[in-house]
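Here is what each chain is made of, one letter per residue.
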Amino acid sequence: MQRKITIKALTLVFLLISFVSYASEDTQKGDLKTEIKAYIQHHLEDSYDFSLTSYTNDQGEKVYWGFPLPVILWDNGLKVFSSSKFHHGKTVAEVDGNFYKVYHTKIYKTDAEGTINYDAEKHPTNAKPLDFSITKNVVVIFLVGLLMFLLFRGLASSYSKNNGIAKGAGRIFEPIILYIRDDIAIPNIGEKKYRKYMPYLLTVFFFVWFINMLGLTPLGVNVTNSISVTVALALITFLITNFTGTKDYWKHIFDPLGDTMPWYAKIPLYIILIPIEVLGIFIKPFSLLIRLYANIKAGHIVMMSLIGLMFIFKSWLGSPLSFGLAFAISLIELLVALLQAYIFTMLSALYFGFAAEEHDHHEEAHAH
Amino acid sequence: MEKLLGEFSIGLFFWQTVLFLALLFLLRKFAWKPILNAVNDREEGIKNALDSAEQAKREMENLQADNQKLLKEARAEREEMLKEAREIKNKMIDDAKEEAREEAGKLIAQAQASIQTEKKAAIAELKSQVANLSIEIAEKVVREELSNKDKQVKLVESMLGEATLN
């Protein structure tokens, strides 16, 4: 009962935050369309401080709700300082005699005035220190990791406590775990080898799902639309696939035709085939990272644009219409959040299945 | 592509990789292994329970079949016994009847034999009495007749002639 009330209270807080965060747009002066565009752009980007929302007060100053995060730079030595020094990108931070400025969510080394030099294509030419800052996305990744750890640790311990029967909040996820085992891992990888891959598949599924879902809350977090995150995930899939690849997997790449024809006949074919197969090794994880990134990013852009439309129309017809559309899209996004997690897991399992597969060539030869 | 590369942040990539791998190893040790083991154990337990239930059912069926067989055997044995008893009864009755008949036959034969002897004795007695009576009568007749000589001779002659008839 207590828990239910807490959840309800939390939901209410989220709703209020969303109200505040979107309603604040209305008080902005200037070109609303540009404002909204900038807001969406800002929403899609990572930031150096954890601000849930911002608004402009009576004095025309922008006030942020949130807290600063540590900035960690490697620039001839480790530099750690609070992101509050940037004042949300408005000022130059001075650390140990070096000056840094945030420009388009990247930190550049500048002079004391914060001048940024551009090249012909309007790209900054200032030096970029190696940036290992704990950004908003890093905090969210950490929080989701913590949540997952507590949730599934709780589920795991509830089994031993309750004689093999799940209890508590984690219980909801038991059917999903079983689904991943029975309908994703076993059919794609096979009964014999799936166990080895289960921890990764489960972790990546729940991680992507949870973080996508969190992106749909009005907290303004947005992790899976960062290419860096999807690259990291796809890279792990890539490494697992190729490090667990069996002899058959590599044989399939470098000798796809096998003993079906003499070696001199294979040479002209292999000049074309082998590069394609090798390219395939890299294309598979690349498609994973682009798919996740693009889907989530597009979803966020569409949803935020529709929400923005409400403030542009400001009419009795247009605003409810765009509200309805935004609502419908957000329902679809709920599905997309799950679907993308499913697809990522499913395809990873498929690639692992290729890597782990071991056919009996003699038997196959007989079958032909 | 250039925009994608521009968006790529090595810091976020680094933290994502580190945090995700840490999460992967922690969850593998503390969550996924125990969860999957528990689920497997439970599934195996269910399977075993179903198997043993099936076995119990089969045993029950066997037992019932045995019972049925025993019952059938018992019934057959009873039938057999009843049949035997009936046969013995019939035989006994038959034997008794036979014996009775024999006894009766014997009795009748004895009775007939004694009747026969009695009859013979009676006939013999009757004969002797008839002979005595005849002799007496003959004596009387002879006494009267013998008073006359002729008549005596005639009588002897007629009597002799008669005597050959008997």
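Sequence order as written defines the numbering, with residues in each chain counted from 1. A letter from A marks each chain and a number from 1 marks each ligand, given out in the order of writing. Owing to the predicted nature of the model, reporting of local features is limited to residues with pLDDT of at least 70; listing and counting of side-chain atom pairs is limited to 80 or more, with chain, interface and lining totals taken over all residues. No hydrogens and no water enter the side-chain calculation; it runs on all heavy atoms of the structure.

Undergrad: Which residues make up the interface of chain B and chain A, and what values do they have?
TA: By convention, interface size is frequently given as the accessible area that disappears when the constituent parts associate. On the chain A side, the residues contacting the 34 residues of chain B number 52 residues. Buried area is a sum: the accessible area each of two parts loses on coming together, probed at 1.4 Å, counted once for each and added. Interface area for chain B against chain A, summed over the two sides, is near 3,600 Å², with a carbon-plus-sulfur share of 75%. Of all residues in chain B, the largest losses of buried area upon contact with chain A belong to B:Leu12, B:Phe20 and B:Trp32, amounting jointly to 18% of the total for that side. For salt bridges, the criterion is a side-chain nitrogen of Lys or Arg within 4 Å of an Asp or Glu carboxyl oxygen. The tally of links between chain B and chain A comes to two salt bridges. Think of a polar contact as two N or O atoms within 3.5 Å of one another; within protein, one of them needs to be a possible hydrogen donor and the other a possible acceptor, and neighboring residues in sequence only count if both atoms come from side chains. On the surface where chain B and chain A come into contact, there are nine residue pairs in polar contact (both at pLDDT 80 or more). At the level of elements, helix 1 (2-7) and helix 2 (10-145) of chain B are the ones that each hand at least two residues to the side of chain B that touches chain A. If you tally residues by element for the side of chain B that touches chain A, the top one is helix 2 of chain B, at 27 residues. Along the lines of polarity and charge, the residues of the side of chain B that touches chain A split into 23 nonpolar, six polar and five charged. Contacts: residue pairs with any heavy atoms within 4.5 Å of one another. Secondary structure elements are defined from DSSP: runs of H or I of at least 4 residues count as helices, runs of E of at least 2 residues count as strands, and each element is numbered from the N terminus. Classification used: nonpolar for Ala, Val, Leu, Ile, Met, Phe, Trp, Tyr, Cys and Pro, charged for Asp, Glu, Lys and Arg, polar for all others including Gly.

Undergrad: Break down a negative patch on the surface for me, citing the residues and quoting the values.
TA: Residues and elements named next belong to chain B. Two distance rules govern patches: like charges are joined within 9 Å, and nonpolar side chains (Val, Leu, Ile, Met, Phe, Trp, Tyr) within 5 Å, applied only to residues with over 30% relative accessible area and no salt bridge. Accessible surface area values rest on a Shrake-Rupley calculation with a 1.4 Å probe, where residue burial reflects the displayed protein chains alone. As used throughout, the charge tally considers Lys and Arg to be positive and Asp and Glu to be negative, leaving His and the chain termini uncounted. To locate a charge, take atom NZ for lysine, CZ for arginine, CG for aspartate or CD for glutamate. Among the surface-exposed residues, Glu 73, Glu 77, Glu 80, Glu 84 and Glu 87 lie close enough to one another that they form a single negatively charged patch. Here Glu 73 is to be found in helix 2. Taking relative accessible area as the criterion, Glu 73 reaches 44% and is therefore assigned partly exposed. Note on classification: 1.4 Å probe, protein chains only; a residue is buried when its accessible area is under 20% of the maximum for its type, exposed when over 50%, partly exposed between these limits.

Undergrad: Let's hear about the confidence of the model for chain A: which residues, and what values?
TA: Residue and element names in this part refer to chain A. Per-residue confidence from the prediction method is given by pLDDT, with values spanning 0 to 100. Mean pLDDT for chain A: 81, with 89% of residues reaching 70 or above. Every residue in residues 18-29 is under pLDDT 50, and counting partners more than four places away or in other chains gives 19 contacts. Residue range residues 362-368 is modelled with pLDDT below 50. Its contacts to residues more than four positions away, or to other chains, number one contact.

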